[in-house]
Amino acid sequence: QIAGSGPDTWENRVLAQLNRHRRYPAGAIARREQGVPYIRFVMDRTGKVLLSRLERSSGFPDLDREAVALPRRASPLPKPPDDKAGDTLELVVPVEFFLS
């Protein structure tokens, strides 16, 4: 899952949308791989993801690849509120992959 819960903020709505689109890679499940890659992504004011890259590796290539692909698959993300300045917004988020 994506880390984060709590109040209804724009950031938490973005995390919730990412969480709904997250897929645990089958190969990683078979190999019992778990980890938390961090991704950095840039979105425009409409919620369209323009860029996504790995910020910090989980140590497992399949998990890292899934985390980087996630924002584009979940796009468009919730539109940023007016109090967030700029034509684009950049976020760094952890993507949690843990087997229960």
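Anything mentioned here points back to the structure above.
Residues numbered from 1 in each chain as written. Predicted model: local features only at pLDDT ≥ 70, side-chain atom pairs only at ≥ 80, totals over all residues. Heavy atoms only, no water.

Q: Can you explain the overall build of the protein chain? Please cite residues and give values.
A: A tally of helices and strands in the protein chain yields three helices and three strands. Scanning the protein chain from its N terminus toward the C terminus, one meets helices and strands in the order α-α-β-β-α-β. The C-alpha atoms of the protein chain give a radius of gyration of 13 Å, which matches the 13 Å a tight globule of 100 residues would have. For the protein chain, the C-alpha atoms occupy an extent of roughly 45 × 25 × 20 Å along the three principal directions. Here the protein chain, with 100 residues, has 40% of them falling under the buried criterion. A sequence separation of at least 24 residues applies to 73% of the contacts in the protein chain between residues at least 6 apart. By element, 50% of the accessible surface of the protein chain is carried by carbon and sulfur atoms, the whole surface being about 5,600 Å². Looking at charge distribution, the protein chain has the averaged site of its 16 positive side-chain charges lying 5 Å from that of its 13 negative ones. (Helix = DSSP H or I, 4+ residues; strand = E, 2+ residues; numbered from the N terminus. Rg over C-alpha atoms; globule rule 2.2 N^0.38 Å. Buried < 20%, exposed > 50% of the residue type's maximum accessible area, 1.4 Å probe, protein only. Contact = heavy atoms within 4.5 Å. Areas by Shrake-Rupley, 256 points an atom, 1.4 Å probe, with all protein chains shown as cover. Lys, Arg positive; Asp, Glu negative; His and termini not counted. Charge placed at Lys NZ, Arg CZ, Asp CG, Glu CD.)

Q: Go over unusual backbone geometry, please, and point to the residues and values.
A: For the peptide bond that leads from Ser75 to Pro76, omega is 5 degrees, which places it in the cis range. With respect to the helices and strands, the residue Pro76 is situated in the loop between helix H3 (61–74) and strand E3 (88–94). In this model, Arg32 sits at a positive phi of 60 degrees, which is unusual for a non-glycine residue. When you line up the elements, Arg32 lands in the loop between helix H2 (26–30) and strand E1 (38–44). Here Arg32 falls in the exposed class, since its relative accessible area comes to 55%.

Q: Tell me about the environment of Pro25, and please be specific about residues and values.
A: Checked against the element boundaries, Pro25 lands in the loop between helix H1 (10–21) and H2. Put simply, Pro25 and Phe60 are 35 residues apart on the chain and 11 Å apart in space, counted from C-alpha to C-alpha. Those residues within four positions of Pro25 in sequence are excluded, and the remaining contacts are Asp62, Leu63, Glu66 and Phe97.

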